[in-house]
Structures are given as structure tokens and as C-alpha cells.
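Here is how the chains run, residue by residue.
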Amino acid sequence: MPRSSVSLRFHFSISNSALLFLASTPRACSAQHTQLYRCSVSTALCPSGRTLRIVFHCESVIFPFSFSRGLQQVKWPLREALDSSALPCVRGDPAAFQPSTMGLSKIARNAWKPSLAADSINRMLGSSHVSQTSVLFRDLPASGRHHLLLARYIATGSTPRHLPGFESKDRVGRENRGISVTPHHLFPLAQPVEEESEVEGDQRPAGLEATRPGEKPRVVVLGTGWAGCRFMKSLDTSVYDVVCISPRNHMVFTPLLASTCVGTLEFRSVAEPVSRIQSALATAPNSYFYLASCNGVDVDRHEVYCESVPSIGLPTEPYNFKVAYDKLVIAAGADPLTFNIKGVKEHAFFLREVNHAQEIRKKLLLNLMLSDNPGISEEEKSRLLHCVVIGGGPTGVEFSGELSDFIMRDVRQRYSHVKDYVRVTLIEANEILSSFDVSLRQYATNHLTKCGVRLVRGVVKEVMPKKILLSDGTEVPYGLLVWSTGVGPSGFTKSLDFPKSPGGRIGIDEWLRVPSVDDVFALGDCAGFLEDTGKQVLPALAQVAERQGKYLAELFNRIGKQKGGKAFASRGIDLGDPFVYRHLGSMASVGRYKALVDLRQSKDAKGLSMAGFVSWFIWRSAYLTRVVSWRNRFYVAVNWATTLVFGRDNSRIG
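Within an unreviewed UniProt entry, the label attached to the chain reads NADH:ubiquinone reductase (non-electrogenic), and the organism entered is Colocasia esculenta. What UniProt records for the chain under Sequence similarities (unreviewed entry) is the sentence "Belongs to the NADH dehydrogenase family." Checking UniProt for the chain, the heading Function (unreviewed entry) contains the comment "Alternative NADH-ubiquinone oxidoreductase which catalyzes the oxidation of mitochondrial NADH does not translocate protons across the inner mitochondrial membrane."

Right, dumping it as C-alpha cells:
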């Protein structure tokens, strides 16, 4: 247990006709006493391992000589009670002393003799002032009650009056308005008093404390991806308070992200603010969104520790805080896989976030404009306008298709001087779209080749600032490099001391719980079934994350109605059926109004597979209906129509 402490504070305030002497515990000090000045500090140990601090402060020194003489007079009774232990000089540095137990017992029995204390004050102020003493019993060890003296001496003019009792401690500072304060530069040895913590050595960050009885249970969600947002959308906020923590305040509709890189769609069309997905984050009194990253979880305390995104407007940098939870949902997503290849993080662009798409678009347009400058060699033009895509999955294929369509329709019209230098290369270690039907893979290969996309089978060995080195020694110069080779566990996921599934994800059971701890759930790209469940780790797909989020929200709503929302309260509650995933199929656009639709439930199963213009129409219709809000559906439809009529926007902003 943290060591308790008791502080004695002596406040001296001297004016023309008033003196206040107050000895109290820290809680007796009102907010009006926060600007006092420290003159000397002494510390003594009490029985039972507690600490008694004796602190002298001066607030006003109108008559420094009289004050010093009066302080020495008040100080002498303390010296006698502490068996002549030397107190530090008023004008010297603070020093600790260790009085004997006998001396402390003497304080406990006698406190100060009222006659000594009264005489000391009366000698300084004059015999016309009135003294009063009282004894305070509070915050001291139970073994033999120790008595602290609460003495107040005050006089106003020639008519004495008595301050309110100790119960009215907050009024003391307010009734002492007339006392003037000596400027700090006239009393250089004094230092501002810093407020003391009731619990010593507790440096834990501030934040949301645990919920109290009668309050709604708090669900903390880490992440604003498909899984986290789908969970928050369906969570019953009449039962729960929800706190979302993420370094971004929106959800990204990733299937259409590639279209934003070339201007087919605007960026806001694929970004949905989380406050629109779950309005309680903006309206409910105890629900919040925090723009921060989680860097630790304490499952014993039921707390998460966070670091706010960098900002020069915060009190400290970095700014850390904690959030207590009743239920924790980890939906932190995953990071792009680089396979520890040298130079990937430094020179390649990823395609996971809106800011990634913005950077790709700016780089693409910048290279187009720079290559048209006079004096640029043919070789340099060819390098600048060579776009290389690494990874033949759905994201890489769709980006290659959008890029080739942009080149064929827009670049050739608006950048006619360099149109013959623009090239697109797609590098894949195996076959592109390996999860699709064989006939669809062949269709995609033929179509991309027809559209000018060069397909290369190879493994990247190293990425350099202007070229790629393949494992067979081939060098591929590039002006724009987009890396899309799948995802893997993030650094945060790896740091958690939870059981891991094959591949390094957070291990979960059939109900998406982390089985080794209480009240912690994980879903989406950061989670995978443990081996003992007998289930395979699900692919990192948007539809997997969305289905898990919907299932977990229904599970939480059911638990909440059975009064199991609080911490440790869901033990013994029937969780219902476990999560079962059924694949609904896959779709991918390959550019120029062509797409692939594969409705098989698994790679080896039989089902409907089709490609062409009809598939493209199905692809667009399906994604238009899956966009989160009607607002964004309208944006997407308008952007598609605008692009069809006027072409893509090639403005480079920023």
C-alpha cells in the first residue's frame, strides 16, 4: 500500500493589525493558499511508518524584522517538544531532522502549551490581541491518538474577532483578503509552495478513473477500422458508455481508396468521421473520442495507457494519460508487411490510409509536371514516369487498373509531351489474385497487359532511392513505388503479453475473447483464432472485420441486458453461439469498366464467377451500398458521374 503522509503547515500572515497562525493537514489548506512562500522545511517520522512534515510558510512580510523575531519565538516551543532537535534557520536551506520517539510523544501529549504560544504571539502583537487554541484529531495513526494543535490568533484593529471553526476551512482564505503580499523579488529566499500529493511516489498519468456503482459500464475501443467502427455502430449506448481511442478520427472505406489516388474519387468520399458512425461519442456525457495511440494495457488494473498524437498545444510532449475500462475491445488493425526488406519503409508508399493516397497522388502529379521541364534527359523522364506496384493482391491490381485507366484517358490528353514515357509495372512473387478462380486470374492478366500494365514475376531484394533490386539481380528504376504485399501484426500487437495465434496476431477463442485475461476482446486484422479452437486464422479482409464487429456488438448488448457489463461481471453468463464466418465472395476492379466477381465461399469450392462489364456494374453497385453513410454514398455517386463527364481532376494541391 502507498505510504500515507501528514503535513503540518504553519501559515503566517502579517498586516498592520492582523496575524493568522494556522496548523493543519493538507486537506485543510484551501485553494487560496496556493501562492504562499516557503521559508523553511523540517521533517520528522511518526510511529507506524507514517511521516509528519512540518513546513513553515510566510505569505506577507510587511515587517520582516518583527516577523523574524516572532517566528523565532513561536519556534522555541517546538524545539523544546522535540528534545532540542535543531530546526533549520529561517533564512537557510530546508533540512530534514530525525527527532526521537520521546520527542514525538511529547508533542502528542502536550502539543504546544497554550501559554507559551500565546505569550509568543502576544509579545509580538501586543497585549490587546486575543489568542485562542483548539486541538485537532485527524489523519494520524490509530495507536495512541496524536494531537495537533490548531491555534488561530487574529485581531482586526482594536476589536478582536474569531475566525470560523475548522469545519469551515475553505473560508479561512476568503476572510483574509486584506493582507498585502510582499513582492517575490523583495524576498528572494522564499520559494512558491507546490501542492503535495496525498500519495507519495504515485507518478501515474491522469485520465478516466474506473466507473462507480450506479454508472453505466465503460467500453473502451482501440481503433477506428472496419471492426471497431462496425462494433461501435451497433453497440447499445443506453447500456454502455463508449470511449474510442485512435490516432485517426475517421473510418476509411478501403475498397475505394485506390480510386482516390488518381482523382476518380475525392478523399472525403472514402472517409467517415467516427462521431457520425456512433453519435454518442459527440453527444453522450460520459462517452469520448481520444485522438491518441494506445501503448500499453494493464489487465490487472483494467486500464489502458495512451499517448496523444504530437501537438505543440499540449502541456507536455508527449502527453500521456490513462483510461480505465470495464470491457476492452482491441481493434487496432495491422501494419503493412515489408518482410524486413531494406529500404521499403524509407522509399515506398503504402496504400492503407487516406494520407497514403494523398501522398501517392501528389507524387504522381509532381513527377508528371517535373518531367516536362526543359533539360530533363530521356532516361530521367523514363525513370520519373515509371510507376511500380509491388504485390498482386486485390489492392495492387485495383491500383494498377486505376493507374492505367488514368494514363489512357487523362494523361495522354493533358500531358501530351510526356505521354509516351509513362509506364506501369506490377511485380508479384507468384500469381496475381491468387485467391480468385483460375479463369478470373487469367482474365485479369490479359486485361492488364492489354491496358499497358507490365507484369513481372520476381522477389524484391532491396529498395533504393531510385531503383529496385530483384533477387535475380535485375534493377528496376522507378519514379513512384507503391508497396501492397499484405499486412502483419503491428508493433502494438506484438508488445501485448497475450497469447498469440499463428502469424503473431492476438489469440482469441470462438467468442472473440482473449482467454487468458478478463474482459478483453480482440477482432479484425489484429486478432486470430488460437490453435486449440480448431479454427483457421481468418484472412485480413474488410468483410471479416465487419462481421466480427457486428457479432461482438450483439454479444455485448446481450451481456449488458443481463447486468454483465461491469468489470468481472460477465463470468457465468451464457454468451450464446460462437462466431462463425461465412465468406460472401470477392470482387476486384481491373480498370476500363471491367471487374471480377467471385462468389465462391472458399478457394476450392464451386460457385458463380464472372468478369467483364456486368461484373464491373455489380462491383460498383455493391460498394456503393456498402459505403457507411448516405452522405458518402452521395459523394461517391457524384464523383463517379463527374469523372465520367469531365474526366479526373489533376490539380496538385499541397
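Where helix H10 (residues 354–370) contacts helix H12 (residues 394–414), the axes come no closer than 14 Å and their chain directions differ by 35°. For H10 against H12, the interelement crossing comes out right-handed. Judged by residue contacts, Ile360, Leu364, Leu365 and Leu368 of H10 engage Phe399, Leu403, Phe406 and Val411 from H12. In the contact of H10 with H12, the residues fall into 8 nonpolar, no polar and no charged.

The first and last C-alpha atoms of helix H17 (residues 630–646) sit 24 Å apart over 17 residues, in line with the 24 Å expected at 1.5 Å per residue. For H17, the complete set of buried residues consists of Asn632, Arg633, Tyr635, Val636, Asn639, Trp640 and Thr643. End-on, the buried residues of H17 take up no more than an arc of 160°, which puts them together on one face. Facing away from the buried surface of H17 by more than 90 degrees, the exposed residues are Trp630, Phe634, Val645 and Phe646. Elements that come into contact with the buried residues of H17 comprise strand S14 (271–273), H12 and helix H16 (613–626).

The subject of this paragraph is the side chain of Ser501. Structurally, Ser501 is set in the loop between helix H14 (491–495) and strand S29 (506–508). Under the relative-accessibility criterion, Ser501 is labelled buried at 5%. Excluding residues within four positions of it along the chain, Ser501 makes contact with Ile506, Gly507, Gly528, Phe529, Leu530 and Val537.

Here we have 8 strands laid out as an open sheet, ordered S10-S17-S16-S15-S12-S11-S18-S30, and mixed in their pairing. Single-partner strands in this sheet number two, and they are strand S10 (207–208) and strand S30 (520–522). Note that strand S16 (residues 303–308) and strand S17 (residues 320–324) share 5 bridges and pair antiparallel. Note that in S17 the partner of Glu303 across the bridge is Ala324.

Taken as a whole and judged by the stated rule, the model has 12 aromatic pairs. Plain terms: the ring middles of Trp619 and Tyr623 are 5.5 Å apart, the flat faces sit at 80° to each other, and that makes the pair edge-to-face. Placement of the pair is Trp619 and Tyr623 together in helix H16, with a separation of 4 residues, close to one helical turn. Between the NZ or CZ atom of Arg268 and the centre of the ring of Tyr635, over which it lies, the distance is 4.3 Å.

Moving on, we get to the nonpolar core. Among soluble globular proteins, nonpolar side chains are generally buried collectively. If you look at the biggest cluster of nonpolar residues, it comprises 114 residues, and the most contacted ones within it are Phe231, Leu256 and Ile330. Taken domain by domain, the makeup of this core includes at least three residues from each of domain 1 (207–336 + 490–562) and domain 2 (349–485 + 585–646). Those residues in contact with Leu256 that lie beyond four places of it in its chain are Leu265, Val270, Trp619, Tyr623, Val627, Val636 and Trp640.

Quick look at H16 now. Taking 1.5 Å of rise per residue, the 14 residues of H16 would be expected to cover 20 Å, and the 20 Å separating its terminal C-alpha atoms lies within 8% of that figure. Along H16, the residues that are buried comprise Ser615, Trp616, Trp619, Arg620 and Tyr623. Burial along H16 is one-sided: seen end-on, the buried residues are contained in an arc of 135°. Exposed side of H16, more than 90 degrees from the buried face: Phe617 and Thr625 are the residues found there. Packed against the buried residues of H16 are H12, strand S32 (586–591), strand S33 (594–598), strand S34 (609–612) and H17.

For Gly591, the location among the structural elements is in strand S32. Judged by its relative accessible area of 7%, Gly591 is buried. Separated by 187 residues in sequence, Gly591 and Ser404 place their C-alpha atoms 7.2 Å apart. Leaving out residues up to four positions away in the same chain, Gly591 has contacts with Gly401 and His447.

This next bit is on a nonpolar patch on the surface. Taken together, Tyr593, Phe613, Val614, Phe617, Ile618, Leu644, Val645 and Phe646 make up a surface patch of nonpolar side chains, about 840 Å² in accessible area. Mapped by element, the contributors of at least two residues to the nonpolar patch are H16 and H17. A total of 4 residues in the nonpolar patch trace back to one element, the largest contributor, which is H16. Along the chain, the position of Leu644 falls in helix H17.

What follows is about the pattern of salt bridges. Proximity of charged atoms lets side chains of opposite charge pair with each other. Counting across every chain of the model gives 24 salt bridges. Across the pair Asp649 and Arg361 runs a salt bridge whose closest N-O atoms are separated by 3.7 Å. Here Arg361 lies in helix H10 and Asp649 lies in the segment after H17, a separation of 288 residues in the sequence. Salt-bridge contacts for Asp509 lead to Arg513; the nearest nitrogen and oxygen are separated by 2.9 Å. For Asp509, a relative accessible area of 8% gives the class buried. A network of salt bridges, in which partner residues are shared, links Glu402, Asp405, Asp410, Arg414 and Arg648.

What counts as what
Residues numbered from 1 in each chain as written. Predicted model: local features only at pLDDT ≥ 70, side-chain atom pairs only at ≥ 80, totals over all residues. Heavy atoms only, no water. UniProt positions renumbered as here; feature names shortened; annotations may be inferred. Axes fitted to C-alpha atoms, helices over the stretch in contact; angles between N-to-C directions. Helix = DSSP H or I, 4+ residues; strand = E, 2+ residues; numbered from the N terminus. Left-handed = near helix turned anticlockwise from the far one by under 90°. Contact = heavy atoms within 4.5 Å. Nonpolar A, V, L, I, M, F, W, Y, C, P; charged D, E, K, R; others polar. Expected span 1.5 Å × (residues − 1). Buried < 20%, exposed > 50% of the residue type's maximum accessible area, 1.4 Å probe, protein only. Arc of directions from axis to C-beta. Pairing = 2+ DSSP bridges. Phe/Tyr/Trp six-rings, centres within 6.5 Å; stacked < 30°, edge-to-face > 60°. Lys NZ or Arg CZ within 6 Å of the ring centre and 35° of its normal. Core = buried A, V, L, I, M, F, W, Y, C linked by side-chain atoms within 4.5 Å. Domains from an automatic or database assignment. Patch = residues over 30% accessible without salt bridge, like charges linked within 9 Å, V, L, I, M, F, W, Y side chains within 5 Å. Areas by Shrake-Rupley, 256 points an atom, 1.4 Å probe, with all protein chains shown as cover. Salt bridge = Lys/Arg side-chain N within 4 Å of Asp/Glu carboxyl O.

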